[in-house]
Amino acid sequence: MLKAHEGAEVDIIDRLPTPFGLVRSGVAPDHPETKIVINQFSRVAHNERCSFFGNVSLGSSISLSELRQFYHVVVLAYGAESDRALGIPGEDLNGVHSAREFVWWYNGHPDFSNLAPDLKSTDTAIVLGQGNVALDVARILLKPPTELAITDIASHALAALKESSIRKVYLVGRRGPVQAACTAKELREILAIKDLYVNIKETDLLKTSADEEEMKTNRIRRRVFELLSKASSSSASRPSPGQRELHFTFFQKPEKFLESNDQSGHIGGVNFEKTILKGSASSGNQIAAGTGEYEDLECGLVLKSIGYKSVPVDGLPFDHSKGVVPNIRGRVLSSSRFAQPEGGLYVCGWLKRGPTGIIGTNLYDAEETVASISDDIEKRERISTSTKQGREGLLQLLESRKIQVITFSDWEKIDSEEKRRGSLIRKPREKLTTWKDLLEVATR
Ligand code: NAP
């Protein structure tokens, strides 16, 4: 927006006192190269026409309709802060967490710094799903903690991982190795963990003609399958004593979570139904169908990594079945029967398309939304030309509600303090992980 419109002023509002969203709380600590994009974001925030207002929550500090009164254009880019649920019995047993909660915990998100997943009373974890988030959480559980100690992982997570007794991780997919949702680079990385025993059943690697068809048209699926086959054929027949184990398990659909034998309300295992694939490969959509054969797998920790979910705010049209804001090229559509673009309201990122794609995907996505805004400005459609209060109105309202606004320079105090604390223990930063600490340091 700043580039496309020389007169535009942009205010970025975030519910956290820290900027950068998923880059800070989602990207794995051992992926520092992905976080370099923070430099680009910071340059944007330093632009004199751009301001950051953290600790301001859409829906509670300020409503969407208030924001729309203050600004000519409101772009919603708050992503997917919740999780898809399986909706099967036992999902609320202790020790069953969503991967997002676990990721937020090890990345020091202040809402989940006290999650305290129990990594000590079991040697087995089951990760449900085989996307890149599933690989991230499995890698963090299996990687030697000495390698994590030099990252920006939250200190509470590092301490728990150092004491962890988890040795076996099952990565369970409801479909086959051709349909595994992860990408080759991430798969290669987990397979390369030092001294790791990898297990993949040879029978799971038998391809059908529909699988061959799917691989022909999808290079990523082909690469992933090749890597899994190679890992299967080159792995030892059994693990050596004490070795950490990664089991890729295919064609298993979670049916129910099982309580541990001591009836303590803790997870003790997962009951799976064996599946076969049905449907057409040409649409890339072979689906998992149950076979009526069941088996149990014991564990003491479950991480559900079956996808993120966006949440609506008051006054925002929302498609609950797809979990996105209905839109045409970023223009939010009203929820009336004859859906029309809403005046001055736009969306981008996961809230617009659903929770898929990497940071680069969202860059293109943002460009599309900005192009729609530019088009509407040019055609004098949908965007009001009357004077609006903008930043002044926002700040007055927040002050009247006694909301402590965190500016970008306040964030820079947090940033320096985290880097200072990190430098004392050879980490790039030691994250502040509670609301209290973050707000205190920001306002020093
Ligand atoms: P994802 O790639 O969509 O994977 C979701 C996984 O959950 C799939 O294996 C899916 O299986 C499974 N699943 C969904 N519903 C299920 C159900 N009811 N029962 C059993 N399994 C179910 O999502 P994600 O891993 O959360 O990642 C989100 C996006 O972020 C992706 O685009 C990912 O590539 C990206 N990301 C990238 C990186 C990176 O580049 N390093 C890191 C993290 C995330 P089906 O295929 O059968 O539906």
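Along each chain, numbering runs from 1 in the same order as the chain's sequence is written. Note on the predicted model: pLDDT of at least 70 is required for a residue's local features to be given, and 80 or more for side-chain atom pairs to be given and counted; whole-chain, interface and lining totals, by contrast, use all residues. To get the side-chain values, take all heavy atoms of the structure and skip hydrogens and water.

J.: I'd like a rundown of the overall build of the protein chain, residues and numbers included.
T.: Numbering of helices and strands runs from the N terminus, with a helix taken as a DSSP run of H or I at least four residues long and a strand as a DSSP run of E at least two residues long. Along the protein chain, the regular secondary structure elements total 15 helices and 17 strands. When the backbone C-alpha atoms are referred to their principal axes, the protein chain occupies close to 70 × 55 × 40 Å. Relative accessibility decides the category of a residue: with a 1.4 Å probe and only protein chains considered, values under 20% of the type maximum give buried, values over 50% give exposed, and everything between is partly exposed. Taking all 444 residues of the protein chain together, 50% fall into the buried category. Pairs of residues are marked as contacts when any of their non-hydrogen atoms sit within 4.5 Å. The contacts in the protein chain between residues at least 6 apart in sequence include a share of 73% that link residues at least 24 apart. What sets the accessible areas is the Shrake-Rupley method with a 1.4 Å probe; for residues, cover comes only from the shown protein chains. For the protein chain, the accessible area works out to roughly 21900 Å², and carbon and sulfur atoms hold 50% of it. Within this scheme the basic residues Lys and Arg register as positive and the acidic residues Asp and Glu register as negative, but His and the chain ends are omitted. A charged residue contributes its charge at one atom only: NZ of Lys, CZ of Arg, CG of Asp or CD of Glu. Taking the average place of the 59 positive charges on the side chains of the protein chain and the average place of its 59 negative ones, the gap between the two points comes to 3 Å.

J.: Residues and numbers for the packing of aromatic side chains, please.
T.: Pairs were defined over the aromatic rings of Phe, Tyr and Trp, the Trp ring being its six-membered one, requiring ring centres within 6.5 Å. Orientation was assigned from the angle between planes: stacked under 30 degrees, edge-to-face over 60, tilted for the rest. For the structure shown, the criterion picks out nine aromatic pairs. Relative to Y106, the ring of F102 has its centre 5.5 Å away and its plane inclined at 90°; by these criteria the two rings are edge-to-face. Residue F102 and its partner Y106 are both found in helix α4 (residues 99-106); the two are separated by four residues, about one turn of the helix. No difference in accessibility class separates F102 from Y106, as the two residues are buried. Ring geometry for F248 versus F250: centroids 6.4 Å apart, planes at 10°, classification stacked. By the burial criterion, F248 is buried, and F250 matches it. By the ring-pair criterion, three or more aromatic residues cluster together here, those being F20, F41, F52, F408 and W411.

J.: Mind laying out the packing of α4 against helix α5 (residues 132-142), listing which residues take part and the relevant values?
T.: Across the interface, α4 lies against α5 with an axial gap of 10 Å and an inter-helix angle of 50°. Of the possible angle classes, the one that applies to α4 and α5 is oblique. The hand of the α4/α5 crossing is left-handed. For the pair α4 and α5, the contacting residues are A99, F102, V103 and Y106 in the first and V133, D136, V137, I140 and L141 in the second. Any residue outside Ala, Val, Leu, Ile, Met, Phe, Trp, Tyr, Cys, Pro, Asp, Glu, Lys and Arg is labelled polar, Gly included; the first ten of those are nonpolar and the last four are charged. Across the contact of α4 with α5, the residue classes break down as eight nonpolar, no polar and one charged. Whenever a helix is involved, its axis is fitted only over the stretch in contact; in every case the axis is a line through C-alpha atoms, and angles between N-to-C directions fall within 0 to 180 degrees. Roughly parallel covers angles under 35 degrees, roughly antiparallel covers those over 145, roughly perpendicular covers 65 to 115, and oblique covers all other angles. A crossing counts as left-handed when the near helix is turned anticlockwise from the far one by less than a right angle, and as right-handed when that turn is clockwise.

J.: Residue-level account of the site of the ligand, with values.
T.: Proximity is defined per residue: if any heavy atom of the residue lies within 4 Å of a molecule or strand, that residue is considered near it. Surveying the vicinity of the ligand reveals 21 residues, the closest of which are Q130, N132, R174, R175 and G357. Throughout this description, a polar contact denotes any pair of N or O atoms lying within 3.5 Å of each other; where both atoms belong to protein, one of them has to be capable of donating a hydrogen while the other can accept it, and for residues adjacent in sequence the pair is counted only when both atoms sit in side chains. At 2.8 Å from an oxygen atom of the ligand is found a side-chain nitrogen or oxygen belonging to R175. At 3.0 Å, a side-chain N or O of E186 approaches a nitrogen atom of the ligand. A total of three residues in the shell around the ligand trace back to one element, the largest contributor, which is α5. Taken together, the residues of the shell around the ligand sort by class into eight nonpolar, eight polar and five charged.

J.: How would you explain the sheet that holds strand β10 (residues 252-259) if you had to name every residue and give the values?
T.: The pairing criterion is simple: DSSP has to find at least two bridges between the two strands. Taking strand neighbours across the sheet as the criterion, the three strands line up as β10-β11-β12 in an open arrangement whose pairing is antiparallel. With one partner strand each, in any of the chains shown, β10 and β12 (287-298) form the two edges of the open sheet. With direction set aside, neighbouring strand axes in the sheet form an average angle of 20°. Two strands pair when backbone bridges link them, and strand β11 (residues 267-278) and β12 are joined in this way by nine bridges, in the antiparallel orientation. Within β12, the residue paired with E273 across the bridge is Y294.

J.: Which residues make up a negative patch on the surface, and what values go with them?
T.: Where like charges cluster on the molecular surface, the negative patch consists of E293, E295, D296 and E298. Relative to the assigned elements, E298 resides in strand β12. Surface patches are defined over residues having more than 30% relative accessible area and no salt bridge, joining like charges when they lie within 9 Å and nonpolar side chains (Val, Leu, Ile, Met, Phe, Trp, Tyr) when within 5 Å. A pairing counts as a salt bridge when a side-chain nitrogen of Lys or Arg comes within 4 Å of a carboxyl oxygen of Asp or Glu.

J.: Please provide a residue-by-residue account of the nonpolar core, values included.
T.: In plain words, nonpolar cores are sets of buried Ala, Val, Leu, Ile, Met, Phe, Trp, Tyr and Cys residues tied together by side-chain atoms within 4.5 Å. In this structure, Y106, L141, V169, L187 and F248 are the most contacted members of the largest nonpolar core, which totals 50 residues. For this core, the element with the highest residue contribution is α5, accounting for seven residues. Here F248 is in contact with Q130, L171, L187, L191, V198, N199, I200 and L228, once residues within four sequence places are set aside. Within the second largest apolar cluster, 20 residues are counted, among which are V56, L64, V74 and L76.

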